[in-house]
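Inside the fold
These are the residues of each chain, in order.
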Amino acid sequence: MKVENLPTAVQAHLEGFKSDGENLRTASCADVFRYTHPHKQSLFLKARDTHAAPQESDLLAEKTAMSWLQEKLNVPRVVCFHEEGDTQYLLVTQITGVSGIHQDAKSDVPGLVRLFARGLREIHAIAVDSCPLDWRMERYFAWATDLINSGVLDGQIPDGETRNVLRDELDSIRADLPPEDLVFTHGDYCLPNVMIHDGCLSGYIDLGYAGVGDRYLDFVAAHYTIRRNLGDEWIPLFFQEYGQVLDQAKLSVYQRIHDFAD
């Protein structure tokens, strides 16, 4: 996205910056562009249609998370947040390093898994007293119910069924839910969202779902990303390094929570 095509409020922070135009979007509905400058730190811009994919967290939540985490965790710094028409724009600084799925990061898989576990332990150690973002289960159930009632999840309804099948599944999850163990959660703790530099974990990105919640919200994502990107055999090392005996029954419940609106 060319700088001159952006809103004036965003352009003001990109004087002298250029983009190659490549959209780095992954699974999210947000477009992502990198802007470079010959003498300044690179910046990343996310742009999101506010009406697209209501089940996805919006950029205001991500901006709030990164702003609150400054001085608490190495995350991008918010340069600019702007809304214009139906589009949100979030401009942030770049974290030095490569993502956890880059070949350079995976050259030492045991070391990477240990870093990944220690990183999550660091996140979960953050005090949550003043955290403005809430992913406790009562908030989750209210959010999921709104998605059902608004028809956002109608594509998940089997042929011949009604929205009640989704309501029944939500009730079943609620009935099976164990007591919450509340910490500060990343919300999408997967290998692409950690940055590695010189053999160290240099920072965390994509914090749109961050907030107070059960640590198993992050365990589900970590379990999945290790299996997908490294292999099942590395999952025990992750939880050993984190310092947690995995409760498979609780993991299964939180997997259902993760999958419900996915």
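Everything discussed here concerns the structure shown above.
None of these values were measured; they are calculated from a predicted model.

A tally of helices and strands in the chain yields 8 helices and 9 strands. Since a compact globule built from 262 residues should have a radius of gyration of about 18 Å, the 19 Å found for the chain is in line with a globular shape. Counting across all 262 residues of the chain, residues that qualify as buried make up 45%. Within the chain, residue pairs in contact and separated by at least 24 positions form 67% of the contacts whose partners lie at least 6 positions apart. Of the accessible surface of the chain, which amounts to about 13,100 Å², a share of 47% is contributed by carbon and sulfur atoms. Each charge sign in the chain was given a centre, from 24 positive and 40 negative side chains, and these centres are 4 Å apart.

With that settled, consider the side chain of threonine 185. Of note, threonine 185 is situated in strand β6 (residues 182-185). The exposure class assigned to threonine 185 is buried, which follows from its relative accessible area of 1%. Separated by 2.7 Å, the side chain of threonine 185 and the backbone oxygen of glycine 211 make a polar contact. Those residues in contact with threonine 185 that lie beyond four places of it in its chain are Ile123, His124, Ala210, Gly211, Gly213, Asp214, Arg215 and Asp218.

Turning to the pairing of strand β4 (residues 87-93), a few remarks are in order. Taken across its 7 residues, β4 has 6 buried, putting it largely inside the fold. One ladder, built from 7 bridges, connects strand β2 (residues 43-49) with β4; its direction is antiparallel. Opposite alanine 47, over in β4, you have tyrosine 89 as the bridge partner.

Before going further, it helps to examine unusual backbone geometry. Despite not being glycine, glutamate 71 has its phi angle at roughly 75 degrees, a positive value. Along the chain, glutamate 71 falls in the loop between α2 (59-69) and β3 (78-84). By relative accessible area, which is 80% here, glutamate 71 ends up exposed. Unusually for a residue other than glycine, aspartate 198 sits at a positive phi of about 50 degrees. Structurally, aspartate 198 can be placed in the loop between β7 (194-197) and β8 (200-204). Aspartate 198 gets classed as exposed once you look at its relative accessible area, which sits at 70%.

Let us now look at the pattern of salt bridges. Inspection of every chain in the model, using the stated rule, returns 12 salt bridges. One salt bridge connects aspartate 206 with lysine 46, and the closest N-O pair in it is separated by 2.7 Å. Within this pair, whereas aspartate 206 is found in the loop between β8 and β9 (211-214), its partner lysine 46 is found in strand β2, the two being separated by 160 residues in sequence. Through salt bridges that share partners, Lys46, Glu62 and Asp206 make up one connected network.

Now for the nonpolar core. Most often, soluble globular proteins keep nonpolar side chains buried together rather than apart. By size, the foremost hydrophobic cluster in this structure holds 63 residues, and its most contacted members are Tyr140, Phe238 and Phe260. Non-local contacts of phenylalanine 238, meaning those with residues more than four positions away in its chain, are made with Val113, Phe116, Ala117, Leu120, Ala222 and Ile226. By size, the runner-up hydrophobic cluster in this structure holds 13 residues, among which are Leu6, Tyr35, Leu43 and Cys80.

This brings us to the sheet that holds β2. Pairing is antiparallel in the open sheet, where 4 strands are placed in the order β1-β2-β4-β3. Lying at the two open borders of the sheet, with one neighbouring strand each, are β1 (31-35) and β3. Each neighbouring strand pair of the sheet contributes to a mean axis angle of 15 degrees, computed without reference to strand direction. Bridge count between β3 and β4: 6 bridges; the pairing is antiparallel. Note on β4: the bridge partner recorded for glutamate 84 is threonine 87. Relative to β4, α2 is tilted by about 25 degrees, and along the sheet it contacts β2, β3 and β4.

Now for the layout of surface pockets. Size it by volume and the second largest pocket reaches roughly 250 Å³. Examining the composition of the lining of the second largest pocket, we find that 3 residues originate from one element, α2, more than from any other.

About the cut-offs
Residues numbered from 1 in each chain as written. Predicted model: local features only at pLDDT ≥ 70, side-chain atom pairs only at ≥ 80, totals over all residues. Heavy atoms only, no water. Helix = DSSP H or I, 4+ residues; strand = E, 2+ residues; numbered from the N terminus. Rg over C-alpha atoms; globule rule 2.2 N^0.38 Å. Buried < 20%, exposed > 50% of the residue type's maximum accessible area, 1.4 Å probe, protein only. Contact = heavy atoms within 4.5 Å. Areas by Shrake-Rupley, 256 points an atom, 1.4 Å probe, with all protein chains shown as cover. Lys, Arg positive; Asp, Glu negative; His and termini not counted. Charge placed at Lys NZ, Arg CZ, Asp CG, Glu CD. Polar contact = N/O pair within 3.5 Å; in protein donor to acceptor, adjacent residues only side chain to side chain. Pairing = 2+ DSSP bridges. Salt bridge = Lys/Arg side-chain N within 4 Å of Asp/Glu carboxyl O. Core = buried A, V, L, I, M, F, W, Y, C linked by side-chain atoms within 4.5 Å. Axes fitted to C-alpha atoms, helices over the stretch in contact; angles between N-to-C directions. 1 Å grid on protein atoms, 1.4 Å probe; cavity = no way out; pocket = protein on both sides within 12 Å on 5 of 7 lines; lining within 4 Å. Points joined across faces, edges and corners; volume = space filled by probe spheres on them.

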